[in-house]
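The primary structure of each chain is shown beneath.
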Amino acid sequence: MKVRAILPLLLTCAIAVLGGGATAPGAFAQDKGTLYPKPLPPLANPDDPTLGAKQLFGRKMLPTAGSPHVIGFYAKGCIAGAEALPITGPTWQVMRLSRNRNWAHPAMVALLERLSARVHRDAGWPGLLIGDMAQPRGGPMITGHASHQIGLDADVWLTPMPNRLLSRNEREEMSAVMMVRRDRLDIDPHAWTPSHLSVIRAAAREPSVERIFVNAAIKKALCREAKGDHSWLWKIRPMYGHDYHFHIRIKCPPGNPQCESQTPPEEKEGCSAGDLAYWFSDAVLHPKPPKVPPKPKPQITLSQLPTDCRQVLAAPDAKTIAMP
């Protein structure tokens, strides 16, 4: 496995995954980053069995050497030999560089490069803005995302890439565009365009893509506006959030026996009123605060991850190489 040396600034600045053990519940497309993240302090007792695994994986700045190897499930696992998506390409740019989350299995890196070229050609977008993928060795993240742990998930902004190179500061400060109407019942017609459908459809038609998560209002718009072939719509799954981006999940790549597959979704469009009723119910759109605040979910510890994730944490860093 080769680590592309396209991150010299990133690897010196992105020390903290949003810096200093932030307690924000998520790291979303609209959450700003920083040019000056604070280093995470050394762990007083890294062998503490009660320590959250996110504290260990969040301190790894480079992947392991060796061939790519996916271990575990999307929400409970890790990855060896991850590859970095270059932070700038002909038809893509990576956002929020301070998070250091542009790592994935090479199959995901290749998909994003291929998809960005396709939407440039077919949808008229200059390219894609890429959000969070995975950490260098996967695993739980200090902020955001229960999944994104095995290098097979990626967030793509629903904001087209500008037709220029964004500065590092812009990549941290620029906000993604909200696609959902204020009443949460449909897309915002001032933000949504036919090209958004083209972009999501192109992603769904990729054979390796298993699911694409979007806000239910976006699913509703896709169902309404799709013409001709609807065979791709079954991959589009409503999910909380995802107002500003869509989330691509690919299948376990061949030759990864330790990768735990997700049960494939039912191959039906999911466009009927009944299919979407839950997502537009009052309980979902206007949830009432619980009478008793829920207890925080316990952190995933290293012992709860697949055994080989210990080896992934302990393995030497991959060496960076110069790009031609």
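This one's a predicted model, so the numbers in the text were calculated from it and none came from an experiment. (Residues numbered from 1 in each chain as written. Predicted model: local features only at pLDDT ≥ 70, side-chain atom pairs only at ≥ 80, totals over all residues. Heavy atoms only, no water.)

Details of the packing of aromatic side chains
Note on aromatic pairs: each is described by the distance of the centres and the angle between the planes.
Next up, step 1: Following the criterion strictly, the structure yields three aromatic pairs and no others.
Next up, step 2: Ring centres of Phe73 and Tyr74 lie 5.3 Å apart, and the angle between their planes is 80°; on these two criteria the pair is classed as edge-to-face.
Next up, step 3: Seen from their ring centres, Tyr240 and Trp279 are 4.9 Å apart, and the 65° between their planes marks the pair as edge-to-face. Note that Tyr240 is positioned in the loop between strand S11 (236–238) and strand S12 (245–250) and Trp279 in the loop between helix H7 (273–276) and helix H8 (282–285), a separation of 39 residues in sequence.
Next up, step 4: By way of ring pairs, the aromatic residues Tyr240, Tyr278 and Trp279 are connected into one cluster. (Phe/Tyr/Trp six-rings, centres within 6.5 Å; stacked < 30°, edge-to-face > 60°. Helix = DSSP H or I, 4+ residues; strand = E, 2+ residues; numbered from the N terminus.)

Let's talk about the pairing of strand S3 (residues 76–80)
Next up, step 1: Counting buried residues along S3, four of its five residues qualify, which places the element largely inside the surrounding structure.
Next up, step 2: Relative to S3, strand S2 (residues 69–73) runs antiparallel, the two being bridged by five bridges. Across the sheet, the residue bridging to Ile71 is Cys78, located in S3. (Buried < 20%, exposed > 50% of the residue type's maximum accessible area, 1.4 Å probe, protein only. Pairing = 2+ DSSP bridges.)

A few points about helix H6 (residues 216–225)
Next up, step 1: The element H6 is extensively covered by neighbouring structure, given that seven of its ten residues are classed as buried.
Next up, step 2: Within the span of H6, buried status applies to Ala216, Ala217, Ile218, Lys219, Ala221, Leu222 and Cys223.
Next up, step 3: Contacts from the buried residues of H6 go to helix H5 (194–204), strand S10 (209–214), S11 and H7.
Next up, step 4: One side-chain oxygen of the residue at the start of H6 lies 2.7 Å from the amide nitrogen of Ala217, identifying that residue as Asn215. (Contact = heavy atoms within 4.5 Å. Polar contact = N/O pair within 3.5 Å; in protein donor to acceptor, adjacent residues only side chain to side chain.)

Points about the state of the cysteines
Next up, step 1: Under the counting rule described, the total for this entry stands at three disulfides.
Next up, step 2: Each sulfur in the disulfide pair Cys78 and Cys309 lies 2.2 Å from the other. Measuring handedness by torsion sign, the sulfur bridge of Cys78 and Cys309 sits at about -100° and is left-handed. One end of the pair, Cys78, is in strand S3; the other, Cys309, is in helix H9 (residues 308–314), and 231 residues separate them in sequence. Considered together, Cys78 and Cys309 belong to a single accessibility category, that of buried residues.
Next up, step 3: Cysteine pairing for the protein chain, with bonded cysteines counted in sequence order: 1-6, 2-5, 3-4. (Disulfide = S-S within 2.5 Å.)

Here's the deal with unusual backbone geometry
Outside of glycine, negative phi angles account for most residues, and trans bonds account for most peptide bonds.
Next up, step 1: Within the chain, His148 stands out as a residue other than glycine whose phi angle is a positive 60°.
Next up, step 2: Backbone geometry at Arg184 places phi at a positive 70°, although glycine is not the residue there.
Next up, step 3: Along the chain, Arg184 falls in the loop between helix H4 (168–173) and H5.

Considering the side chain of Asp153
Next up, step 1: Mapped onto the fold, Asp153 is located in strand S9 (residues 153–157).
Next up, step 2: The exposure class of Asp153 is buried, given its relative accessible area of 0%.
Next up, step 3: Side-chain polar atoms of Asp153 contact the backbone nitrogen of His148, separated by 3.3 Å.
Next up, step 4: A distance of 2.7 Å separates a polar atom in the side chain of Asp153 from a polar atom in the side chain of His247.
Next up, step 5: If near-sequence neighbours (up to four positions away) are discounted, Asp153 is found in contact with Tyr74, Met108, Asp132, Met133, Ser147, His148, His247, Ile248 and Arg249.

Observations regarding the pairing of S9
Next up, step 1: S9 sits mainly inside the fold: five of its five residues count as buried.
Next up, step 2: In S9, alternate side chains face the same way, and those of Asp153, Asp155 and Trp157 on one face and Ala154 and Val156 on the other are all buried.
Next up, step 3: Two elements, S9 and S12, share five bridges in a ladder whose sense is antiparallel. Across the sheet, Asp155 pairs through a bridge with His247, a residue of S12.

Regarding the packing of helix H3 (residues 106–122) against H5
Next up, step 1: Two elements in contact, H3 and H5, have axes whose closest approach is 10 Å; the angle formed by their N-to-C orientations is 145°. The handedness of the crossing between H3 and H5 comes out as right-handed. The segment H3 lies against H5, with Leu115, Arg118 and Val119 engaging Val199, Ala202 and Ala203.
Next up, step 2: Among the residues forming the contact of H3 with H5, the class breakdown is five nonpolar, no polar and one charged. (Axes fitted to C-alpha atoms, helices over the stretch in contact; angles between N-to-C directions. Left-handed = near helix turned anticlockwise from the far one by under 90°. Nonpolar A, V, L, I, M, F, W, Y, C, P; charged D, E, K, R; others polar.)

Things to note about the nonpolar core
Next up, step 1: Counting 54 residues, the largest nonpolar core has Leu112, Ile200, Phe246 and Ile248 as the members making the most contacts within it.
Next up, step 2: Ala53, Ala80, Val312 and Leu313 belong to the second largest nonpolar core, which has twelve residues in total. (Core = buried A, V, L, I, M, F, W, Y, C linked by side-chain atoms within 4.5 Å.)

Observations concerning the pattern of salt bridges
Next up, step 1: For the structure shown, the criterion picks out 16 salt bridges.
Next up, step 2: A salt bridge links Asp132 to Arg99, with the nearest nitrogen and oxygen atoms 3.1 Å apart. Taken together, the residues span a long stretch of sequence, with Asp132 in the loop between strand S8 (128–130) and S9 and Arg99 in the loop between strand S6 (92–94) and strand S7 (103–104) at a distance of 33 residues. With respect to class, Asp132 is no different from Arg99; both count as buried.
Next up, step 3: Here Glu206 makes a salt bridge to Arg114, at a shortest N to O gap of 2.9 Å. Placement of Glu206 in the loop between H5 and S10 and of Arg114 in helix H3 is noted, with a sequence separation of 92 residues between them. (Salt bridge = Lys/Arg side-chain N within 4 Å of Asp/Glu carboxyl O.)

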